[in-house]
Amino acid sequence: MMASLRSRIGLSIAAIIFVAAVATLCFVALELKELEQGGNVDPAHVEYAELLLVLLPFAVIAPLVGMLVAGWSLKPLSTVVAALQAIGPDQPDTRLCEEGLPKEIQPFVAATNHALDRLAGAYLNERRLAADAAHALRTPLALAKLRIDQWQDGASIDVAGLATDLDRMQRSIAQVLAMAQLDTPGQPHDCRPLVDASRLARQIAAEFLPLADKMGRAIIVDAEITAPVNVPDLDEALRNLVSNALHHGQGTVSLSVSATCEEFVIIVHDEGAGVPEVERIHMLGRFAKGEHSPGSGLGLAIASAVMERAGGRLTWPMPSTLQLHMAGC
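Residues numbered from 1 in each chain as written. Predicted model: local features only at pLDDT ≥ 70, side-chain atom pairs only at ≥ 80, totals over all residues. Heavy atoms only, no water.

Peer 1: Just to check I follow, could you spell out the pattern of salt bridges for this structure?
Peer 2: Opposite charge on two side chains lets them pair, provided their charged atoms get close. Tallying each qualifying case throughout the model produces five salt bridges. For Asp235, the salt bridge is made with Arg239, and the minimal N-O distance between the two is 4.0 Å. You can see Asp235 and its partner Arg239 sitting in helix α7 (residues 234–248), four residues apart, about one turn around the helix. Taking the relative accessible area as the measure of exposure, Asp235 reaches 29% and is therefore partly exposed. For Arg239, a relative accessible area of 23% gives the class partly exposed. It is possible to trace a salt-bridge network through shared partners that takes in Glu207, Asp235 and Arg239. (Salt bridge = Lys/Arg side-chain N within 4 Å of Asp/Glu carboxyl O. Helix = DSSP H or I, 4+ residues; strand = E, 2+ residues; numbered from the N terminus. Buried < 20%, exposed > 50% of the residue type's maximum accessible area, 1.4 Å probe, protein only.)

Structure (structure tokens):
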């Protein structure tokens, strides 16, 4: 078991004085041996003997003084430890104070504060995930329970409605999990795989084509250019925009990929009335949706978070037109 730092400092000082005393004692022993042989007394050896008499008391006192000095020096560290012990889930934003601490301790305190920042972020993300899940599932769960209660009271069960409620819950859970993943720190920018935005737009359009046919709608794509971008979750963002256009828009849904000198732009447009400009910023927030919307209100928030995380942006220049802006590679 390793001794405390205070004891180690005291023992180190005692060892130094002990070695000095032993060396002085050796000189004195040599002087006594010369006296026994009838030699002359060397004045320097007399000084060694006097020095020995001075060092002996210090050999006893020095360790105690060293321990007291070490205790005084380590007192700021004890204060830091006490402050660290007080940090818990009820105080996730509390941090250690670096002012007045010795320079040797400040890097340790700074690193501890950075670690606490990361832990607090993870803790808040977990709480947000639970709150988001509860918010997203509250309505479909209530509707499903109402249908089951009506069936228990003798009414015929609404199988189609119950299936719709379950589909809403499944999609809400998937979107909440996607949002939670976006809230966590991502991999470095240079480690992200490149994505061809044009190819992805064609794939997403093909994925939604059966749903569009079922709704009597059409999806057209204008994405012939090669558009390599550094947005690993671009499929999630684009999928949400196309779904939003199909479920809340009207007419044909068009996807196009264009390029400027500095960026690539994916445009998703439908022929519906869209959203007035004064409401667009609000609609990009979490759980923001129209009065009669059957969704969870996370689709546009996910798309916006994807672009923010990748250094791009989501814009809404016209009522029924949303654009994803991202730097090319």
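What follows continues from the structure just given.
Peer 1: Honestly, the side chain of Thr321 in this entry has me stumped. Any pointers?
Peer 2: Secondary-structure assignment places Thr321 in strand β7 (residues 321–327). For Thr321, the side chain forms a polar contact with the side chain of His269, separated by 2.6 Å. Ignoring anything within four residues of it in the chain, the contact list for Thr321 reads Ile267, Val268, His269, Thr315 and Trp316. (Polar contact = N/O pair within 3.5 Å; in protein donor to acceptor, adjacent residues only side chain to side chain. Contact = heavy atoms within 4.5 Å.)

Peer 1: Looking at this model, I keep getting lost on α7. Mind explaining?
Peer 2: Here α7 spans 21 Å end to end across 15 residues, near enough to the 21 Å set by a 1.5 Å rise per residue. Within α7, burial applies to Leu234, Ala237, Leu238, Asn240, Leu241, Val242, Ser243, Ala245 and Leu246. (Expected span 1.5 Å × (residues − 1).)

Peer 1: Can you walk me through the packing of helix α6 (residues 197–214) against α7 in this structure?
Peer 2: The axes of two packed helices give the description: the angle between them and the distance between them. The geometry of α6 relative to α7 is characterised by a closest axis approach of 10 Å and an angle of 40° between their N-to-C directions. For the pair α6 and α7, the sense of crossing is right-handed. Taking contact as the criterion, the partners of Ala197, Leu200, Ala201, Ile204, Glu207, Phe208, Leu211 and Ala212 in α6 are, on α7, Leu234, Asp235, Leu238, Arg239, Val242, Ser243, Leu246 and His247. Of the residues that constitute the contact of α6 with α7, the class distribution is 11 nonpolar, two polar and three charged. (Axes fitted to C-alpha atoms, helices over the stretch in contact; angles between N-to-C directions. Left-handed = near helix turned anticlockwise from the far one by under 90°. Nonpolar A, V, L, I, M, F, W, Y, C, P; charged D, E, K, R; others polar.)

Peer 1: Where do I start with the environment of Ser304 in this structure?
Peer 2: In this structure, Ser304 sits in helix α9 (residues 299–309). Residue class for Ser304 comes out buried when judged on its relative accessible area of 16%. Sequence-wise, Ser304 and Leu324 are 20 residues apart; in three dimensions their C-alpha atoms are separated by 8.7 Å.

Peer 1: Sorry if this is basic, but what is going on with α6 here?
Peer 2: Along an α-helix, residues three or four apart share an orientation, since each turn contains 3.6 residues. If you check α6, its first and last C-alpha atoms are 26 Å apart, about what 18 residues at 1.5 Å a residue would give, namely 26 Å. Largest kink in α6: about 45°, centred on Phe208, with the proline Pro210 one to four residues after it. If you check which residues of α6 are buried, you get Ala197, Ser198, Leu200, Ala201, Ile204, Ala205, Phe208 and Ala212. Those residues of α6 that are buried are in contact with β1 (195–196), β2 (219–222), β3 (228–229), α7, β4 (253–259) and β5 (263–269). Backbone geometry just downstream of α6 places Gly216 in the positive-phi region, at approximately 75°. (Bend = angle between axes of the 7 residues up to and from the residue.)

Peer 1: Could you clarify how one ought to interpret the environment of Val265 in this entry?
Peer 2: Mapping Val265 onto the fold places it in strand β5. Classification of Val265 as buried rests on a relative accessible area of 6%. Here the alpha-carbon distance between Val265 and Met326, two residues 61 residues apart in the chain, equals 6.5 Å. Residues contacting Val265, with those up to four places away along its chain left out, are Ser256, Val257, Ser258, Gln323, Leu324 and His325.

Peer 1: Explanation requested: the packing of α7 against α9 in the structure shown.
Peer 2: Two numbers describe how α7 lies on α9: the axes approach to 8 Å, and their chain directions differ by 150°. Put simply, α7 runs roughly antiparallel to α9. Judged by the sense of rotation from one axis to the other, the crossing of α7 with α9 is left-handed. Seen from α7, the contacting residues are Leu234, Glu236, Ala237, Asn240, Leu241 and Asn244; seen from α9, they are Gly299, Leu300, Ile302, Ala303, Val306 and Met307. For the contact of α7 with α9, a count of residues per class yields eight nonpolar, three polar and one charged. (Parallel < 35°, antiparallel > 145°, perpendicular 65-115°, else oblique.)

Peer 1: Is there a simple way to explain a nonpolar patch on the surface in this structure?
Peer 2: Together, Ile61, Val65, Val69 and Trp72 make up an exposed nonpolar region whose accessible area comes to about 430 Å². Considering the arrangement of structural elements, one finds Val69 in helix α2 (residues 43–73). Given a relative accessible area of 45%, Val69 falls into the partly exposed group. (Patch = residues over 30% accessible without salt bridge, like charges linked within 9 Å, V, L, I, M, F, W, Y side chains within 5 Å. Areas by Shrake-Rupley, 256 points an atom, 1.4 Å probe, with all protein chains shown as cover.)

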